[in-house]
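# Topology and contacts: notes
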Amino acid sequence: MSSKVVDIGILIIRLVIGILFIGHGSQKLFGWFGGNGLTGTGGWFDSIGIKPGVTMALLAGLAEFVGGIMFAIGLLTPLSGILIAGTMIVSVVKVHGANGLWAQANGYEYNLTLIAVSVGIALIGPGQYALDSLFF
């Protein structure tokens, strides 16, 4: 398989995952896409023991939003992969882990997939079509 095809495959993965995280962060930060914004998300965070809720919602939203942008464009990819994987690890520990693996039971299947993809790309690199390739 040519390296160009591999680079296009990695680009597709980065764009899809990055854009999804931009959306997740937007839900927390701005209340877009059906989200609850900082106040609503902060209240929910407080209710599940993530305190102070609004501050933690801000940090999670920024990690997802900024991390998603960076992941999508391939900028500081190891850092962006860690940012978005970190939010998913907290989600597994605080929300989904007790429900088991499978998504239909509100388990951590989806979160684990996102962790694997973001860490995998962080480890192998963002491919040729990334700002990291241009700058570094």
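Residues numbered from 1 in each chain as written. Predicted model: local features only at pLDDT ≥ 70, side-chain atom pairs only at ≥ 80, totals over all residues. Heavy atoms only, no water.

The next thing to look at is the packing of helix H1 (residues 3-30) against helix H2 (residues 37-47). Taken N-terminus to C-terminus, the directions of H1 and H2 make an angle of 95°; their axes are 5 Å apart at the nearest point. In terms of orientation, H1 and H2 fall into the roughly perpendicular class. Residues Gln 27, Lys 28, Leu 29 and Phe 30 of H1 touch H2, and the partners they reach there are Gly 37, Leu 38, Thr 41 and Phe 45. Broken down by class, the residue content of the contact of H1 with H2 amounts to four nonpolar, three polar and one charged. (Axes fitted to C-alpha atoms, helices over the stretch in contact; angles between N-to-C directions. Helix = DSSP H or I, 4+ residues; strand = E, 2+ residues; numbered from the N terminus. Parallel < 35°, antiparallel > 145°, perpendicular 65-115°, else oblique. Contact = heavy atoms within 4.5 Å. Nonpolar A, V, L, I, M, F, W, Y, C, P; charged D, E, K, R; others polar.)

Attention shifts here to the packing of aromatic side chains. One pass over the full model with this rule turns up four aromatic pairs. Judged by centre distance (4.6 Å) and plane angle (35°), the rings of Phe 30 and Trp 32 are tilted. Here Trp 32 and Phe 33 contribute two aromatic rings whose centre-to-centre distance is 6.4 Å and whose plane-to-plane angle is 90°, an arrangement assigned as edge-to-face. Within the aromatic cluster, the residues linked to one another by ring pairs are Phe 30, Trp 32, Phe 33 and Phe 65. (Phe/Tyr/Trp six-rings, centres within 6.5 Å; stacked < 30°, edge-to-face > 60°.)

Counting eleven residues, the largest nonpolar core is built from Ile 10, Ile 17, Phe 21, Phe 71, Ile 84, Ala 85, Met 88, Val 92, Leu 114, Ile 115 and Ile 121. Every element with two or more residues in this core is listed here: H1, helix H4 (77-96) and helix H5 (109-124). Per element, the largest residue contribution to this core is four residues, and it comes from H4. Apart from residues lying up to four places away in sequence, Ile 84 is in contact with Ile 17, Phe 21, Ala 63, Glu 64, Gly 67, Gly 68, Phe 71 and Ser 118. (Core = buried A, V, L, I, M, F, W, Y, C linked by side-chain atoms within 4.5 Å. Buried < 20%, exposed > 50% of the residue type's maximum accessible area, 1.4 Å probe, protein only.)

It is worth spelling out the packing of H4 against H5 at this point. At their nearest, the axes of H4 and H5 sit 8 Å apart, and the two run at 160° to each other. Taken together, the axes of H4 and H5 are roughly antiparallel relative to one another. With respect to the hand of their crossing, H4 and H5 are arranged in left-handed fashion. Where H4 approaches H5, its residues Thr 77, Pro 78, Gly 81, Ile 84, Ala 85, Met 88, Ile 89, Ser 91, Val 92 and His 96 are matched on the opposing element by Asn 111, Leu 114, Ile 115, Ser 118, Val 119, Ile 121 and Ala 122. (Left-handed = near helix turned anticlockwise from the far one by under 90°.)

Right, let's get into the side chain of Ser 26. Looking at where Ser 26 falls in the secondary structure, it is placed in helix H1. At 2.8 Å, the side chain of Ser 26 and the backbone oxygen of Ile 22 are in polar contact. For Ser 26, the residues in contact, after removing those within four places along its chain, are Gly 31, Trp 32, Phe 33 and Phe 65. (Polar contact = N/O pair within 3.5 Å; in protein donor to acceptor, adjacent residues only side chain to side chain.)

For the structure shown, the criterion picks out one salt bridge. The salt bridge involving Glu 64 is made with Lys 28; its shortest N-O contact spans 2.9 Å. Here the residue Glu 64 occupies a position in helix H3 (residues 53-73), and Lys 28 occupies one in helix H1, the gap between them amounting to 36 residues. For the pair Glu 64 and Lys 28, a shared accessibility class is recorded, and that class is buried. (Salt bridge = Lys/Arg side-chain N within 4 Å of Asp/Glu carboxyl O.)

None of the figures reported here should be taken as evidence of function without further support.
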